[in-house]
Amino acid sequence: MNARAQSGATPVQSLDTITVAASKTEERAIDALAPVSVVTLEQIQGLQPKRLSDIFYNVPGVSFQDRGDDPATAINIRGLQDFGRVAVVVDGARQNYQRTGHNANGSFFLDPELIGGVDVVRGPTANIYGSGAIGGVVSFRTKDINDVLRPGERWGVDMTGSYGTNKDRGLGSIFGGVRVDPNVDVFGGAVYRTQANYKDGAGTEIGNTGNDIAGGLMKLTVRPAEGHEIKFGGVFQDYQYSIGQQNRGPTTTAAPLAAIAGTSVYASDTKNYTGTMSWKYSKPDDMWFDWNMSLYGNRTDNDQVKTYNNRITTGGGICTLANPGNNISGCVGDRRSYSLDTIGIDVNNTTRFNIADWRNALTYGFDAFEDDVTTFDARGNSNVTTPGGKRTVSGGFVQLKQNYSTWLEIVSAIRYDRYDLDSSKVSTGGDRFSPKITVGVTPVAGFTPYVSYAEGYRAPSITETLISGGHATGGGPALFVCPDGTSGLFCFLPNAGLRPEVGKNKEAGVNLKYDGIFSATDSFRGKFNVFRNDVDGYIDLVASAPVAVPPFGSFSQFFQYQNIQHALIEGVEGETLYDAGGWFVGVSGHLMRGKNTATNVGLATITPRKVTTTAGVRLLDRSLILSAQWSSFGANTDLPAGYLPSTAYELVNLYLSWQATKDITFTASVDNLLNQYYRPYAIPGSSTDGTTQNDVLFSSPGPGTVYKAGLKIHLGGA
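Residues numbered from 1 in each chain as written. Predicted model: local features only at pLDDT ≥ 70, side-chain atom pairs only at ≥ 80, totals over all residues. Heavy atoms only, no water.

**Here's the deal with the overall build of the protein chain**
The secondary structure content of the protein chain amounts to five helices and 42 strands. The 718 residues of the protein chain split such that 57% are buried. Counting contacts in the protein chain only where the partners sit at least 6 residues apart, residues at least 24 apart contribute 67% of the total. Total accessible area computed for the protein chain in this model is approximately 27,600 Å², and 60% of it derives from carbon and sulfur atoms. (Helix = DSSP H or I, 4+ residues; strand = E, 2+ residues; numbered from the N terminus. Buried < 20%, exposed > 50% of the residue type's maximum accessible area, 1.4 Å probe, protein only. Contact = heavy atoms within 4.5 Å. Areas by Shrake-Rupley, 256 points an atom, 1.4 Å probe, with all protein chains shown as cover.)

**Some details on unusual backbone geometry**
Asn 166 connects to Lys 167 through a cis peptide bond whose omega is 0°. Positive phi is not limited to glycine here, since Asn 208 has a value of about 60°. Examined against the element boundaries, Asn 208 turns out to sit in the loop between β12 (184-195) and β13 (211-222). According to the relative accessible area criterion, Asn 208 is buried, its value standing at 15%. In this structure, Asn 672 is a non-glycine residue whose phi angle is positive, near 55°. Position of Asn 672 relative to the elements: it lies in the loop between β40 (664-671) and β41 (683-684).

**Structural notes on the nonpolar core**
Soluble globular proteins tend to pack their nonpolar side chains together in the buried interior. Residues Ile 55, Phe 56, Val 118, Val 138 and Phe 140 are the most contacted members of the largest nonpolar core, which totals 32 residues. Put simply, the parts of the chain that give this core at least two residues each are α2 (41-47), β4 (62-64), β5 (75-77), β6 (86-90), β8 (115-122), β9 (136-142), β11 (169-181) and β12. In this structure, Val 118 is in contact with Ser 37, Val 38, Val 39, Ile 55, Phe 56, Val 138, Ser 139 and Phe 140, ignoring residues within four places of it in sequence. Counting 16 residues, the second-largest nonpolar core is a separate cluster that includes Phe 480, Cys 482, Phe 492 and Phe 559. (Core = buried A, V, L, I, M, F, W, Y, C linked by side-chain atoms within 4.5 Å.)

**With respect to the pairing of strand β17 (residues 335-355)**
Sheet topology note: the strand β16 (residues 290-309)/β17 ladder contains 15 bridges and is antiparallel. The partner of Tyr 296 across the bridge, within β17, is Gly 344. Sheet topology note: the β17/strand β18 (residues 358-377) ladder contains 20 bridges and is antiparallel. By the bridge assignment, Asn 349 is partnered in β18 with Tyr 364. (Pairing = 2+ DSSP bridges.)

**Points about the sheet that holds strand β23 (residues 469-470)**
Strand order in the open sheet formed by four strands is β23-β26-β32-β29, and the pairing between neighbours is mixed. Among the strands making up the open sheet, the edge pair consists of β23 and β29 (539-543). Across two bridges, β23 lies against strand β26 (residues 491-493) in antiparallel orientation. Across the sheet, residue Gly 470 finds its bridge partner in β26, namely Cys 491.

**Some points on the sheet that holds β8**
Ordered by their spatial adjacency, five strands build an open sheet running β3-β8-β9-β6-β7, and the pairing between neighbours is mixed. If you trace the sheet from one side to the other, it starts and ends with β3 (36-40) and β7 (93-94), each paired once. For β6 and β9, the ladder comprises five bridges, and the chain directions are parallel. What sits directly across from Ala 87, in β9, is Val 137.

Have a look at this one:
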C-alpha cells in the first residue's frame, strides 16, 4: 500500500468497514442486517472535531444533549438516552457514569483525539451486545499501533497540532508504537486540548465554556501462540472545567419563582480511568472456536468546589454568620464529589458448521458488570439526587446466524438478563428472556431487503430506584415536609417497585451495494430502514398534582420515577454515499417522532429531523480533499408542559485536507459557516409548578463560527 492510500486519500466507503457490533461476528457494515453505521479514523481526522458529538453528523438516529460548560458527552439514539438506555463501551468497557442535576442523566468522558473508530447499532437489535441497550450501542475503539505504523514499519510516531478561533482552541497530541518482535507490540500516546469561553451565533460570550483536557493511553499486545492475541490497555483522562452559568438570570418574570431560583458555579476536576484486558483466539481452519474474552474496570471521579454564589453578593460569596448559605447556594469553598466504579466481564465464542448448503455460525456468551456509586456533598443535596448504592447486571445469549446459498440469511437469538440492586434501605431485582429474529434475502446482487424483530431489557438504575428526600430550596422557604423527615422545595420519593423497561422493536430495511456503476472505479452504498420501538414500562420522572402554597403559587409536592404504560418511537433512517474516486456525495439522516401513549404527549428527547448532505472533490492526485457538509435539524415542539423547544437550525461546515508529502498533512476547517444561533435540544424552561424554570440557566447554545487549522507529521522506520 502506498503512502497516499495509507493516509486515507484513496476512496473509502465507511460502510465497507468490518464490524462486530451487530452480531459479534465479523461482517461489513453494509452487509449487516441491522441499522449499523461506522465512523472511521480517516473521517474523524478530516473533521477535526471540537468535541465528540462533531463526528456523528453523518450518523442517522443519533443526537446529543451536551452542555457548553460540561465537556462530558450525553448520547441519544432514536430518542432514548440516560440511565444506560444507550450502552456506551470504550475498548469493550462500559461507561455508566451518571450524575443527576440540571443535565442529562447519563454521560461519559472521551476525547475524540483518542479514538480510532466507532461502531453504532441503533435499536435493541444489539441486545446480544449487553444488557440495557434498548436504544442501541455505541462502541468506541481507541487508537492502536495499526493506526500509526504503516506497512513495513517497525516503529512509528504521529504528531498533531491545531489551533482554532472562538476561542483560543488548542490541540496537541503524539501517538507512537514499536513492534518489539512479530509477537509483541507496544503503543502509547497523549493529548492535550484547551479552549476559552466561546461566543454563540448571536455574538454572546457563554460563560464557563472554557476547559482544559489532558489524556493518554498505553497498550501492550502479546501473541503467545498461533491464533492467540492478549491485549492490556489503559486510558487516563483529566478534565478541568467550571460548571454552572453565572450572570444569567431566569427567563421568567414571576417574582415568587425568581426568589426561589439560585445559580452557582463549581470548579470541576473529573478524572476517568479505564483498564482492559482482552484475549482473542481465531484460526481460519478452527471451526469450533472463535473466542473473545474481555475484563475491564472503569472509574469516574468528579470532584467539585464552589467558586461562585449569587445568593451571597458580598465578601466574594464567603459565608458568614449573617449569611450562612444553604444547601443549593452554599458557600464558596464548599465541596462535593461523585464517583462511579464499574467492573465487568464479557465472554463469547462462535462455532461454525455447515449442513448441506447452509452455513451456520452459533455464537454464545455471557456478560456482567457491577456499578458502585459513591456521592459526597457537605450540604447534603447531591446525596439526595444521586444516591449511592450497588447494582449488578448480568446476562447470557445464544445466537444462530444461518446463510443459505447466496440469497438467504436468518439471524435468531435469545438473551437472558438479570439484575440485583442493593442499598442500606432497598434490595430488589428481576430477570427476563428477550428474543430476536431477522430474515434477509438477496434476490439480485447488491440488493438485500430484511425484516427484524428484537426485544431489549433495561434494569432500573440506582438513582431511579433510590432517589429520596427534599430538594434543596436555594435560599427560599422549605415548602414541604417529606416522608423521610427532610424538607425542601419538593420531595423525591424512592420506588422499590420500579419495573424494568422492555423495548419491542419492529424494523424493515434494505442494504444497497453497487460497484462499477458509471465507471470501473465508482461505488454506491446505501442503508435504509423504518422502525417502530414500543417501550413497555418506560421509566419517567412523574410529578404529583400541584397544590396551592400561598403566597408562592402552586407546586407539585412529590416527584417519583414511575413506569408509564407505554412509549412509542417510530421513524425512518437512511445513509448513502456515492464515490466516483475524484468526487463523492452522500446524504444521511432521519425523520422521527415519539410519544407517551398514555397522555399522547411527545417525548422531550426526540430530534424530529436530522438530514446531513456531504460532498467533496479529490484533487492533485487525490492528495487534496475539499468537502462541505450541510446538516439540517428540525425543532422538537411536541413537548411536555414546561419545556422550551429546541431550535430548527442549519449547520454548514467546510473541510480541507492536503497531504503535502507522504509524511506531512495540513488540515483546515470552518464550523458553523453561517454563524447560526441554535439550541440543539429541548430543555425544561418554565412551568406552573415552579420546579423546572431554573434549568434554562444550565443550558447553552452552541458555538458560532469556528476557524481551525492543523498539521500532522509522521515519523517511522523499519
